[in-house]
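The primary structure of each chain is shown beneath.
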Amino acid sequence: MTAERITIDGAAETYGIVGNPVHHSLSPVMHNAAFAFLGMNCVYIPLPTRDLAQGVQGLKALGFRGVSVTIPHKEEIVRYVDVLDPVAGRIGAVNTLVIGSREDAADRTVYGCNTDWVGANRALEEHIALAGSRVLLLGAGGSARALGYGLLEAGAEIVLANRTADRGEELAGSLGCDFCPLDEVGNIEADVLVNTTSVGMTPAVDKTPIEQRFLHKFSVVMDIVYAPLTTRLLREAAAAGCTVVDGLSMLLYQGAAQFELWTGRDAPVEVMRRVLRERIK
Ligand code: ATR
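Here's what I pulled together on the structure shown here. Keep in mind that what you see is a predicted model, and the values were worked out from it rather than measured. (Residues numbered from 1 in each chain as written. Predicted model: local features only at pLDDT ≥ 70, side-chain atom pairs only at ≥ 80, totals over all residues. Heavy atoms only, no water.)

What follows is about the site of the ligand. The environment of the ligand is made up of 13 residues, and the closest members are Ala140, Asn162, Arg163, Thr164 and Arg167. Here Gly142 contributes a backbone N or O atom positioned 3.0 Å from an oxygen atom of the ligand. Within the side chain of Arg163, one N or O atom sits 2.8 Å away from an oxygen atom of the ligand. In isolation the ligand has 640 Å² of accessible area, and contact with the protein removes 66% of it. One can see that the ligand is located within the largest pocket. Class assignment of the residues belonging to the shell around the ligand gives a composition of 3 nonpolar, 8 polar and 2 charged. (Near = heavy atom within 4 Å. Polar contact = N/O pair within 3.5 Å; in protein donor to acceptor, adjacent residues only side chain to side chain. Areas by Shrake-Rupley, 256 points an atom, 1.4 Å probe, with all protein chains shown as cover. 1 Å grid on protein atoms, 1.4 Å probe; cavity = no way out; pocket = protein on both sides within 12 Å on 5 of 7 lines; lining within 4 Å. Sits in = over half its atoms within 2 Å of the grid points. Nonpolar A, V, L, I, M, F, W, Y, C, P; charged D, E, K, R; others polar.)

The structure is reproduced here in structure tokens:
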């Protein structure tokens, strides 16, 4: 599986990532590797963006076909899209713009979607059917919100736990699920545990959001943290006999879903996985 070197010429389709900052993003490497592997005349570039309203106008004027959207613009960009995907609307955040259509070169309609939840579901569904599964979701930030609505889409039942009760209860209320304080998660029975908190992320790699003695009851444990790739939570979950899903999987599959929305082609996920793994190492 070798990435081919192709020439980006004047007919190339342009894609990119809108955020501030974007220099740390792994998306350019992932998408350019996919384009190159499939021999597509497409290029994906970083687009550090301070003024989002002007930025979206610029994308349309300059003929971009699609972009990823990252921090701090995922919520604000909702107001600049022409057509909002219903799940992205419920989440209140967009991480993908598709601009125009393949059939009509003059079309500049901006479609807003969210593939964060699609990526998380796809990473989990490799190991367990989410429909009818019970999921303990840790956290109440933007990631928990996206993954929570996505889990509901898949037909899972959720219990949400968070350190700050007010914030957790509010998100649980909008998801229509039960809330549990983070220090009482030992009482929860579930098939799947998903950590969306930043606990365990570099540099605090010795931290974990849930005690090891509670882990044996979950079949699958997923951590969206990818620095480090094997968090303390995942190490302890593997030792407790759980199937573990690391943060690279969600990153990979949310990108694969973007690629498929933009190009209408299957994403070369193994190529994308390899370049992500090399970068994260
Ligand atoms: P994101 O948008 O990426 O989800 P966020 O909005 O900053 O990020 O949310 C971070 C999540 O990690 C929150 O659920 C936060 O809990 P609080 O709502 O109590 O702040 C959780 N979190 C961060 N540090 C934590 C810690 N040391 N212990 C427990 N939870 C923590």
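Further notes follow.
With that settled, the discussion passes to helix H9 (residues 269-280). Given 3.6 residues per turn, any residue in an α-helix points the same way as the ones three and four places further on. Compared with the 16 Å implied by 1.5 Å per residue over 12 residues, the 16 Å span of H9 between its first and last C-alpha is a close match. Looking at H9, one finds that the buried residues are Val269, Val271, Met272, Arg273, Val275 and Leu276. For H9, the secondary structure elements touched by its buried residues are helix H1 (27-37), helix H4 (116-125) and helix H8 (247-263). (Helix = DSSP H or I, 4+ residues; strand = E, 2+ residues; numbered from the N terminus. Expected span 1.5 Å × (residues − 1). Buried < 20%, exposed > 50% of the residue type's maximum accessible area, 1.4 Å probe, protein only. Contact = heavy atoms within 4.5 Å.)

Here we take up the nonpolar core. In terms of nonpolar packing, the biggest core is built from 56 residues, with Leu124, Leu147, Leu151, Leu160, Val194 and Met222 touching the most fellow members. At 8 residues, the largest contribution of residues to this core is made by H8. Built from parts of two domains, this core gets at least three residues from each of domain 1 (13-114 + 249-280) and domain 2 (117-245). When neighbours within four sequence positions are excluded, Leu147 is seen to be in contact with Asp116, Trp117, Ala120, Leu137, Val194, Thr196, Met222, Ile224 and Met250. The next biggest cluster of nonpolar side chains, apart from the first, holds 18 residues, and it includes Ile188, Ala190, Val221 and Leu233. (Core = buried A, V, L, I, M, F, W, Y, C linked by side-chain atoms within 4.5 Å. Domains from an automatic or database assignment.)

Next up on the list: the packing of H8 against H9. Interaxial distance between H8 and H9 falls to 10 Å at its minimum, and their mutual angle equals 135°. The pairing of H8 with H9 is recorded here as oblique in orientation. The element H8 and its partner H9 pack so that their crossing is right-handed. Residue-level inspection shows Leu248, Leu251, Leu252, Tyr253, Gly255 and Ala256 of H8 in contact with H9, the latter providing Val269, Met272, Arg273, Leu276, Arg277 and Ile280. (Axes fitted to C-alpha atoms, helices over the stretch in contact; angles between N-to-C directions. Parallel < 35°, antiparallel > 145°, perpendicular 65-115°, else oblique. Left-handed = near helix turned anticlockwise from the far one by under 90°.)

So, about H8. An ideal rise of 1.5 Å per residue puts 24 Å on 17 residues; H8 measures up with 25 Å between its terminal C-alpha atoms. Burial of H8 is extensive: 15 of the 17 residues sit out of reach of the surface. Taking the backbone nitrogen of Leu248 as reference, a side-chain oxygen 3.0 Å away marks Asp246 as the first, capping residue of H8. Positive backbone phi, at 70°, marks Gly264, one or two positions downstream of H8.

Turning next to the pattern of salt bridges. With the rule as written, the count across this model stands at 11 salt bridges. Close ionic contact of Arg213 with Glu211 constitutes a salt bridge, the shortest N to O distance being 2.6 Å. The exposed category is assigned to Arg213, whose relative accessible area is 55%. Since its relative accessible area comes to 42%, Glu211 is described here as partly exposed. Counted as one network, the salt bridges with shared partners bring together Glu13, Arg65 and Arg102. (Salt bridge = Lys/Arg side-chain N within 4 Å of Asp/Glu carboxyl O.)

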